[in-house]
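# Tertiary structure, described
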Amino acid sequence: MTTATTTPVTIMRQHLIDPEICIRCNTCEETCPVDAISHDSRNYVVDASKCKYCYNCISPCPTGAIDNWRHVVAETAYPLAEQLLWDTLPEQVALDESAGVGAGDTATALPDDVEKIAAASTSGQGGVAPPPWSAAHPYINLYSIQKPAVATVSGNFRLTAPDASSDIRHIVLDFGNASFPVLEGQTIGILAPGLDAHGKPHHVRLYSVASPRDGERPRYNNLSLTVKRVTADHEGKDVRGIASNYLCDLKKGDKVNVVGPYGTSFLMPNHPGSNLLMICTGTGSAPMRAMTERRRRKAQPKEDGKLMLFFGARTPDELPYFGPLTRLPKEFIDINFAFSRIPAQPRQYVQDLIRSRADEVVGLLRSENTYLYLCGLKGMEKGVDEAFTDICGRNGLEWKALQAQLLQNGRYHVETY
Ligand code: NAP
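Residues numbered from 1 in each chain as written. Predicted model: local features only at pLDDT ≥ 70, side-chain atom pairs only at ≥ 80, totals over all residues. Heavy atoms only, no water.

### Section: the packing of aromatic side chains
Considering all chains together, one arrives at 13 aromatic pairs under this definition. A ring pair is formed by F388 and W399, whose centres lie 4.5 Å apart and whose planes are at 35°; its orientation type is tilted. Here the residue F388 occupies a position in helix α10 (residues 380-393), and W399 occupies one in helix α11 (residues 399-408), the gap between them amounting to eleven residues. Neither F388 nor W399 differs from the other in exposure class; each is buried. Among the aromatic side chains, those forming a connected cluster through ring pairs are F311, F322, F337 and F339. We note R411 situated over the ring of Y371; from NZ or CZ to the ring centre the distance is 5.9 Å. (Phe/Tyr/Trp six-rings, centres within 6.5 Å; stacked < 30°, edge-to-face > 60°. Helix = DSSP H or I, 4+ residues; strand = E, 2+ residues; numbered from the N terminus. Buried < 20%, exposed > 50% of the residue type's maximum accessible area, 1.4 Å probe, protein only. Lys NZ or Arg CZ within 6 Å of the ring centre and 35° of its normal.)

### Some thoughts on the environment of G155
Its place among the elements puts G155 in strand β6 (residues 149-158). Residues in contact with G155, not counting those within four places in the same chain, are H170, I171 and V172. (Contact = heavy atoms within 4.5 Å.)

### Regarding the packing of helix α9 (residues 358-366) against α10
Close contact between α9 and α10 brings their axes to 10 Å; oriented N to C, the two are set at 90°. On the basis of the axis angle, α9 is roughly perpendicular to α10. Residues A358, V361, V362 and L365 of α9 form the contact with α10, whose participating residues are F388, I391 and C392. By residue class, the composition of the contact of α9 with α10 is seven nonpolar, no polar and no charged. (Axes fitted to C-alpha atoms, helices over the stretch in contact; angles between N-to-C directions. Parallel < 35°, antiparallel > 145°, perpendicular 65-115°, else oblique. Nonpolar A, V, L, I, M, F, W, Y, C, P; charged D, E, K, R; others polar.)

### A word on the pairing of strand β1 (residues 9-16)
For β1, a buried count of seven out of eight residues is recorded, marking the element as mostly surrounded by other parts of the structure. One ladder, built from six bridges, connects β1 with strand β4 (residues 68-73); its direction is antiparallel. Note that in β4 the partner of M12 across the bridge is V72. (Pairing = 2+ DSSP bridges.)

### So, the pattern of salt bridges
Across all of its chains, the model carries 20 salt bridges by this definition. Note that D249 is salt-bridged to R229, the shortest N-O span being 2.9 Å. Linking D249 in the loop between α5 (242-248) and β11 (255-262) with R229 in the loop between β10 (222-228) and α5, this pair joins segments that are 20 residues apart in sequence. Its relative accessible area of 36% is what places D249 among the partly exposed residues. Its salt-bridge partner being D385, residue K400 comes within 2.9 Å of it at the nearest N-O pair. On the criterion of sequence distance, the pair formed by K400 in helix α11 and D385 in helix α10 is long-range, its members being 15 residues apart. Residue class for K400 comes out partly exposed when judged on its relative accessible area of 43%. What makes D385 buried here is its relative accessible area of 19%. Residues joined by salt bridges that share partners form a network here, namely R158, D167, R169, R229 and D249. (Salt bridge = Lys/Arg side-chain N within 4 Å of Asp/Glu carboxyl O.)

### Comments concerning the side chain of H202
Relative to the elements of secondary structure, H202 occurs in the loop between β8 (187-191) and β9 (205-208). Only 3.4 Å separates the side chain of H202 from the backbone oxygen of L195, close enough to count as a polar contact. Once residues lying within four places of it in the same chain are set aside, the contact partners of H202 are A192, P193, G194, L195, D196 and I242. (Polar contact = N/O pair within 3.5 Å; in protein donor to acceptor, adjacent residues only side chain to side chain.)

### Notes on the sheet that holds strand β14 (residues 334-339)
Whenever strands of a sheet pair, they do so through backbone hydrogen bonds, lying parallel or antiparallel. Spatial strand order, β14-β13-β12-β15-β16: five strands in an open sheet with parallel pairing. Where the open sheet ends on each side, the last strands, each with one partner, are β14 and β16 (412-416). Averaged over neighbouring strand pairs, the angle between their axes works out to 10° when direction is ignored.

### Observations regarding the site of the ligand
K228, S340, R341, R347 and Y349 are the nearest of the 24 residues found near the ligand. In this structure, a nitrogen atom belonging to the ligand sits 3.2 Å away from a side-chain N or O atom of Q351. Between the ligand and the protein, one listed contact pairs a nitrogen atom with a backbone N or O atom of G379 at 3.2 Å. Of all the secondary-structure elements, those providing two or more residues to the shell around the ligand are β9, β10, β13 (307-313) and β15 (370-376). The residue makeup of the shell around the ligand, split by class, is eight nonpolar, twelve polar and four charged. (Near = heavy atom within 4 Å.)

Dropping the structure here:
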């Protein structure tokens, strides 16, 4: 009688990124502490030999594309070169087929704690911080690239003055009878038609919803977006934004393929007495408009806490929603505009105004009912952080400790690009 020889095989749980859902926002690559994530012009990929299963990259991913795993034989884990060519993720292969793991072979499972962390990370939390305790439950991933929702453009209005240097638009999409429920702070993905330089469909581009949950027009199945026509990159080099130009050129009645919604973290609290401290630049105002409008429409605004807004733009002409914002009653919202390019005036940024309103801001930071939202240019994060450190330090608070507590309690939310 012969006995089967046992060749030990190591089975690993390989971390992969779904190229179909990934919006190439670079958050995962920026977050990874061991440089396991890299990308080329098409795909973001994970190096199996470097990934340490720390899961730092999971929650910041806006779409969940990062949260994909396959059990593979360690020696034949998917190499980077192969991942870079994928249009879709491979199915989980039965391990006995993939590497001849026979009945007599032994598989080395992952340690228990790794599996446990993995299970926690795949529970669909999303976002850096948990949502506020009183946030409504968001729906996510209802529509995919294969099965997008088809919305109809019911309006496309220029928000910036005709002679302003930027073309920012308020675009209204109507979903007809399709179910597309969104909450303030969520994002949707736009599929621009046509093919990229590689002959592949364009990647999904994300935009924040600028209208409240009951529609741009109350009780209509529509929503709005705030879109700036991209004609230059952050360094000022000429670049034609694929999705932004597509959206800005849309006419009433045009059809648009939409995926999502996304976002389970950057959501507003719903309990009476909660304060919103909102800080934004440019089109980062979209979620702030949605939240402000939600509060404005509620029957008893007096029940609610305070709203304080810091909003940075080049000039009043370049500030989306400037007119409507200035007409809101002062007792409803405390608005602070920072303009950076008014001729003969010193450049002002949101962080400068946070410093100049230190007493009121610290007052809000001291309240356990205050929720902070930061949205817009990536560059402002540092400046705002320094302003908070400064004003907290001068008022007996330690910003880093407070920030950690705010994050943990779902009271600090950042969305910058
Ligand atoms: P922008 O017009 O270029 O800038 C807005 C204001 O921010 C200007 O006054 C600008 O000053 C100022 N600024 C520049 N650097 C700053 C810094 N380090 N700290 C504080 N303020 C600073 O803005 P934008 O082009 O609209 O960009 C908005 C950003 O929001 C984009 O990155 C976009 O991706 C992001 N976003 C958009 C949406 C959406 O739904 N559309 C949603 C979320 C986020 P200067 O005069 O010095 O330039």
